[in-house]
Amino acid sequence: MKITTLSILVANHYGVLSRIANLFTRRRLNIKGFSANETENPEITRITILTDSADSEVEQIRLLLEKLEDVLWARVIPAGHLVGRETILMKLPREHEAELRALLARWQGEIVAETPRALFLALTDTVEQIEQFIDEVEPYGILELSRTGGAALELDPA
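Quantities reported herein were computed from a predicted structural model and do not represent experimental measurements.

**Observations concerning the sheet that holds strand β4 (residues 71-77)**
By way of backbone hydrogen bonds, the strands of a sheet pair with one another, either parallel or antiparallel. One open sheet holds the four strands; their spatial order is β2-β3-β1-β4, and the pairing between them is antiparallel. Both edges of this open sheet fall to β2 (31-38) and β4, since each of them pairs with a single strand only. Going across the sheet, the axis of each strand differs from the next one's by a mean of 15°, ignoring polarity. Relative to strand β1 (residues 4-11), helix α1 (residues 16-26) is tilted by about 145°, and along the sheet it contacts β1, β2 and β3 (44-51). Contacting β1, β3 and β4, helix α2 (residues 55-67) runs over the sheet at an angle of about 165° to β4.

**Side note on the nonpolar core**
The biggest cluster of nonpolar side chains holds 16 residues, and the ones touching the most others in it are I8, I20 and L65. Of all the secondary-structure elements, those providing two or more residues to this core are β1, α1, β3, α2 and β4. One finds I88, L92, L119 and L121 within the second-largest nonpolar core, a separate group that totals 14 residues.

**What to know about the packing of aromatic side chains**
On inspection of all chains with the given rule, the structure shows one aromatic pair. The ring of W73 is capped by R75, whose NZ or CZ atom sits 3.9 Å from the centre of that ring.

**Observations concerning α2**
In this model, α2 (13 residues) spans 19 Å end to end at C-alpha, consistent with the 18 Å of a helix rising 1.5 Å per residue. All of the buried residues in α2 are V58, I61, R62 and L65. End-on, the buried residues of α2 take up no more than an arc of 110°, which puts them together on one face. For α2, the exposed residues set more than 90 degrees away from the buried face come down to S56 and K67.

**Considering the packing of helix α3 (residues 97-107) against helix α4 (residues 127-137)**
Look at α3 against α4: their axes get within 11 Å of each other, and the N-to-C directions meet at 165°. It follows that α3 is roughly antiparallel to α4 by the angle criterion. As for how α3 packs across α4, the hand of that crossing is right-handed. Touching L100, L103, L104, R106 and W107 of α3 are Q129, Q132, F133, E136 and V137, all from α4. Across the contact of α3 with α4, the residue classes break down as six nonpolar, two polar and two charged.

**Digging into the pairing of strand β6 (residues 110-114)**
Across four bridges, the pairing between β6 and strand β7 (residues 118-125) is antiparallel. Bridged to I111 within β7 is L121. Hairpin connection of β6 to β7: three residues between the antiparallel strands.

**Digging into the pattern of salt bridges**
Tallied over the full model, the rule gives 12 salt bridges. Across the salt bridge formed by R19 and D70, the nearest N and O atoms sit 3.0 Å from each other. Here R19, found in helix α1, pairs with D70, found in the loop between α2 and β4; they are 51 residues apart in sequence, far enough to count as distant. A residue is classified by how much of its surface remains accessible, and R19, at 28% relative accessible area, is partly exposed. For the salt bridge of R147 with E131, the shortest nitrogen-to-oxygen distance reads 3.0 Å.

Conventions adopted
Residues numbered from 1 in each chain as written. Predicted model: local features only at pLDDT ≥ 70, side-chain atom pairs only at ≥ 80, totals over all residues. Heavy atoms only, no water. Pairing = 2+ DSSP bridges. Helix = DSSP H or I, 4+ residues; strand = E, 2+ residues; numbered from the N terminus. Axes fitted to C-alpha atoms, helices over the stretch in contact; angles between N-to-C directions. Contact = heavy atoms within 4.5 Å. Core = buried A, V, L, I, M, F, W, Y, C linked by side-chain atoms within 4.5 Å. Buried < 20%, exposed > 50% of the residue type's maximum accessible area, 1.4 Å probe, protein only. Phe/Tyr/Trp six-rings, centres within 6.5 Å; stacked < 30°, edge-to-face > 60°. Lys NZ or Arg CZ within 6 Å of the ring centre and 35° of its normal. Expected span 1.5 Å × (residues − 1). Arc of directions from axis to C-beta. Parallel < 35°, antiparallel > 145°, perpendicular 65-115°, else oblique. Left-handed = near helix turned anticlockwise from the far one by under 90°. Nonpolar A, V, L, I, M, F, W, Y, C, P; charged D, E, K, R; others polar. Salt bridge = Lys/Arg side-chain N within 4 Å of Asp/Glu carboxyl O.

Structural data, given as structure tokens:
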């Protein structure tokens, strides 16, 4: 299914994230990925939401988002005008360490921690590439996994 990226700028106030999440809940729309953090201006937060909802539903939610208090603007970023990244942390058993190190080198990831029983891997890439990486690592037995959610910016118009 096609993933659509929404970029939302909001005033950095208490309750804004809750109102946005409630809007998705009321419309029965699924959030596939979510990230939020301050921008270059600490009074403004950029929220990136990935959804697999139909285009018409996404446009409706975009219009509703813009009506919410504290939302400065909401945009759908077209796939061809998008620069996006996600980070994943994974905990994997050490028993396949050599194979995992080779795989990680090919993906330009890194081992960020080690214990006697596990390796902790980190990788930053596009959401699509992260999905492919998970598929490749899955046969080695993922013990735990944490994803940041996609962060995205729109490319400048040509």
